[in-house]
Amino acid sequence: MLGGHRSPPGRDPPIIPRPAASPRCVLQADGAMAEKTSPSPGGAITPLQQMLASGTGAILTSLFVTPLDVVKIRLQAQRTPFSKGKCFLYCNGLMDHLYVCQNGNGCTAWYKAPTRFNGTLDAFVKITRYEGIRSLWSGLPPTLVMAVPATAIYFTTYDQLRDYLQAQTGSRGHHIPLLAGALARMGAVTVISPLELIRTKMQSRQLSYRELGVCIQSAVAQDGWLSLWRGWAPTVLRDVPFSALYWFNYELVKEWLCGKAGLDAATFMISFTSGAISGTVAAVLTLPFDVVKTQRQIELGDSEVHPVTASKPSSTWLLLRRIRAESGARGLFAGFLPRVIKVAPACAIMISTYEFGKTFFQKLNQERLPGL
């Protein structure tokens with residue numbers, strides 16, 4: 001009965017209970033059969049569960065990494081105060097967001113609080129002591145509105161694409177994570193890019209939702225629907241290679257560490273270590289694109305804030321050549337240490353939390369199967 005095999009004539013087929021499918025393939029002598037009987041880590045859980053796992057990872061990553069960027073921005077604003085209407089980048093550990101300086105109170109002015117700092121550690125201590133520990137997460141709530149859905153889309157799409165490509169090609173080669181990572185990131189950037197532009201418009205002009213609708217309609221009527229994806233190219237230029245390199249190295253390092261430890265499945269610490277290593281490698285190799293993307297994003301933000309006076313943003317490749325001409329090759333690797341310090345822990349926390357969440361749901365689903 002199992003697998004469609006017939007029993008020999010005159011013999012009743014033995015009743016053998018079907019074993020629970022293992023979440024990982026221990027032995028894969030026959031790739032096609034292994035794919036049917038032992039689904040990949042993402043195959044044993046639903047897309048909704050994958051989104052819950054990645055959403056949880058996104059929130060935890062933001063909670064750990066955001067204070068680093070808040071302190072960096074506060075120190076930067078202390079050295080060179082931001083002028084009204086000027087844009088700067090804010091990172092919650094998952095995405096870079098344009099933040100527009102405004103005059104006012106509350107969360108809109110968190111970056112220019114009067115406390116003076118003598119360095120990074122002093123900033124952490126004084127912000128906590130004089131402004132309250134919640135100030136280390138200033139500006140986080142509005143950025144999570146986009147970062148959590150974007151991360152959930154990205155990680156879930158990656159797992160689904162990887163499993164689909166492995167099933168279609170019958171291969172578990174390392175080129176598949178590379179391709180799936182690139183496609184997943186491109187899809188996530190394409191979905192989120194118009195929302196980031198809309199958020200910048202709302203923040204820079206203090207628009208209500210009704211006024212925002214009129215603003216978007218006029219922009220589309222004047223420049224077409226593609227105007228909503230301004231800034232897409234520099235973001236893709238950095239994020240797609242980063243994602244491809246990240247997943248390629250992550251799966252490679254994880255497999256190597258599992259082999260060294262004699263394990264069939266990655267532990268939390270193996271996922272954490274693999275995420276940190278692969279994130280660091282990808283961050284270093286794509287740093288020139290990050291430098292270009294940062295400048296392009298600020299240019300585009302300024303053009304939204306001051307549409308009349310702003311000059312037309314430079315093309316990505318012209319900007320790349322200009323930085324190299326003005327500062328040499330070293331200019332393309334500016335901000336090396338801050339980027340690694342930010343990216344490595346963010347990647348480690350995100351992927352280890354995501355893998356832990358997937359394992360939790362896999363066990364939960366197996367316990368719910370009848371007959372187990």
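Refer to the structure printed above.
Quick caveat, the model's predicted, so the values are computed rather than measured.

Rules behind the numbers
- Residues numbered from 1 in each chain as written.
- Predicted model: local features only at pLDDT ≥ 70, side-chain atom pairs only at ≥ 80, totals over all residues.
- Heavy atoms only, no water.
- Axes fitted to C-alpha atoms, helices over the stretch in contact; angles between N-to-C directions.
- Helix = DSSP H or I, 4+ residues; strand = E, 2+ residues; numbered from the N terminus.
- Parallel < 35°, antiparallel > 145°, perpendicular 65-115°, else oblique.
- Left-handed = near helix turned anticlockwise from the far one by under 90°.
- Contact = heavy atoms within 4.5 Å.
- Nonpolar A, V, L, I, M, F, W, Y, C, P; charged D, E, K, R; others polar.
- Core = buried A, V, L, I, M, F, W, Y, C linked by side-chain atoms within 4.5 Å.
- Buried < 20%, exposed > 50% of the residue type's maximum accessible area, 1.4 Å probe, protein only.
- Expected span 1.5 Å × (residues − 1).
- Salt bridge = Lys/Arg side-chain N within 4 Å of Asp/Glu carboxyl O.
- Pairing = 2+ DSSP bridges.
- Phe/Tyr/Trp six-rings, centres within 6.5 Å; stacked < 30°, edge-to-face > 60°.
- Lys NZ or Arg CZ within 6 Å of the ring centre and 35° of its normal.
- Patch = residues over 30% accessible without salt bridge, like charges linked within 9 Å, V, L, I, M, F, W, Y side chains within 5 Å.
- Areas by Shrake-Rupley, 256 points an atom, 1.4 Å probe, with all protein chains shown as cover.
- Bend = angle between axes of the 7 residues up to and from the residue.

(A) Inspection of the packing of helix H7 (residues 232–261) against helix H11 (residues 336–368) at higher detail. Remark: H7 packs on H11, axes separated minimally by 13 Å, with the N-to-C direction vectors making an angle of 60°. Overall, the two elements H7 and H11 adopt an arrangement that is oblique. Viewed along their axes, H7 and H11 form a crossing whose handedness is right-handed. Residues Arg238, Phe242, Tyr246, Trp247, Tyr250 and Lys254 of H7 form the contact with H11, whose participating residues are Arg339, Val343, Cys347, Ile351 and Glu355. A breakdown of the residues in the contact of H7 with H11 according to their chemical character gives seven nonpolar, no polar and four charged.

(B) Inspection of the nonpolar core at higher detail. Among the nonpolar cores identified, the biggest contains 42 residues, and Phe88, Trp110, Tyr111, Tyr246 and Trp247 are the most heavily contacted of them. Broken down by secondary-structure element, the contributors of at least two residues to this core are helix H2 (47–79), strand S1 (87–91), helix H4 (140–169), helix H5 (175–205), H7, helix H8 (268–285) and H11. It is H4 that provides the largest number of residues to this core, a total of 10 residues.

(C) Just H7, in detail. Look at H7: 42 Å from first C-alpha to last across 30 residues, which is about the 44 Å you get at 1.5 Å a residue. In the stretch just after H7, Gly262 is the one whose phi turns positive, near 70°.

(D) Layout of the pattern of salt bridges. In this structure the tally under the stated criterion is 16 salt bridges. Notably, a salt bridge pairs Asp96 with Arg238, separated by 3.0 Å at the nearest N-O pair. Of this pair, Asp96 sits in strand S2 (residues 96–100) while Arg238 sits in helix H7, placing them 142 residues apart in sequence. As far as the burial class goes, Asp96 and Arg238 line up, both buried. In this structure, Lys358 engages Glu355 in a salt bridge whose closest nitrogen and oxygen atoms are separated by 3.5 Å. Here the residue Lys358 and the residue Glu355 both occupy positions in helix H11, the gap between them amounting to three residues, near one helical turn. With respect to class, Lys358 is no different from Glu355; both count as buried. Each of the salt bridges in this network shares a partner with another, and the network as a whole consists of Asp159, Arg162, Asp163, Glu251, Lys254, Glu355 and Lys358.

(E) Region of interest: the pairing of S2. When you tally the buried positions in S2, you get five out of five residues, the bulk of the element. Side-chain alternation along S2 places Asp96, Leu98 and Val100 on one buried face and His97 and Tyr99 on a second face that is also buried. By the bridge criterion, five bridges tie S1 to S2 in an arrangement that is antiparallel. Directly across from Phe88, in S2, lies its bridge partner Tyr99. The turn joining S1 and S2, which pair antiparallel and follow one another in sequence, is formed by four residues; a positive phi near 95° is taken by Gly93.

(F) Main features of the packing of aromatic side chains. Counted under the stated rule, the structure contains 16 aromatic pairs. With a centroid separation of 5.4 Å and an interplanar angle of 70°, the aromatic rings of Phe88 and Tyr111 are classed as edge-to-face. One end of the pair, Phe88, is in strand S1; the other, Tyr111, is in the loop between S2 and helix H3 (120–131), with 23 residues separating them in the sequence. Neither Phe88 nor Tyr111 differs from the other in exposure class; each is buried. Following the ring pairs from residue to residue traces out a cluster consisting of Tyr154, Phe155, Tyr158, Phe242, Tyr246, Trp247, Tyr250 and Tyr354. When the ring centre of Tyr154 is taken as reference, the NZ or CZ atom of Arg185 above it lies at 3.9 Å.

(G) A nonpolar patch on the surface, seen in detail. Taken together, the side chains of Ile59, Leu60, Leu63 and Phe64 present a nonpolar region at the surface, about 360 Å² in accessible area. Relative to the assigned elements, Leu63 resides in helix H2.

(H) Quick peek at the environment of Glu299. Inspection of the secondary structure puts Glu299 in helix H9 (residues 287–305). Given the relative accessible area of 22%, Glu299 is considered partly exposed. Each C-alpha atom of the pair Glu299 and Gly231 lies 9.5 Å from the other, and the pair is 68 residues apart in sequence.

(I) Up close: H4. Taking 1.5 Å per residue as the helical rise, H4 with its 30 residues ought to reach 44 Å, and the 42 Å between its terminal C-alpha atoms agrees with that figure. Along H4, the helix axis deviates most sharply at Met146, where the bend reaches about 30°; the proline Pro149 sits within four residues downstream. Note on H4: the residue one or two positions beyond its end, Gly170, has a positive phi of about 65°.

(J) Region of the structure containing the environment of Ile298. Positionally, Ile298 belongs in helix H9. Residue Ile298 is classed as partly exposed on the basis of its relative accessible area, which comes to 22%. The spatial distance from the C-alpha of Ile298 to the C-alpha of Val100 is 9.9 Å, given a sequence separation of 198 residues. In contact with Ile298, other than residues within four places in its own chain, are Cys87, Leu89 and Leu98.

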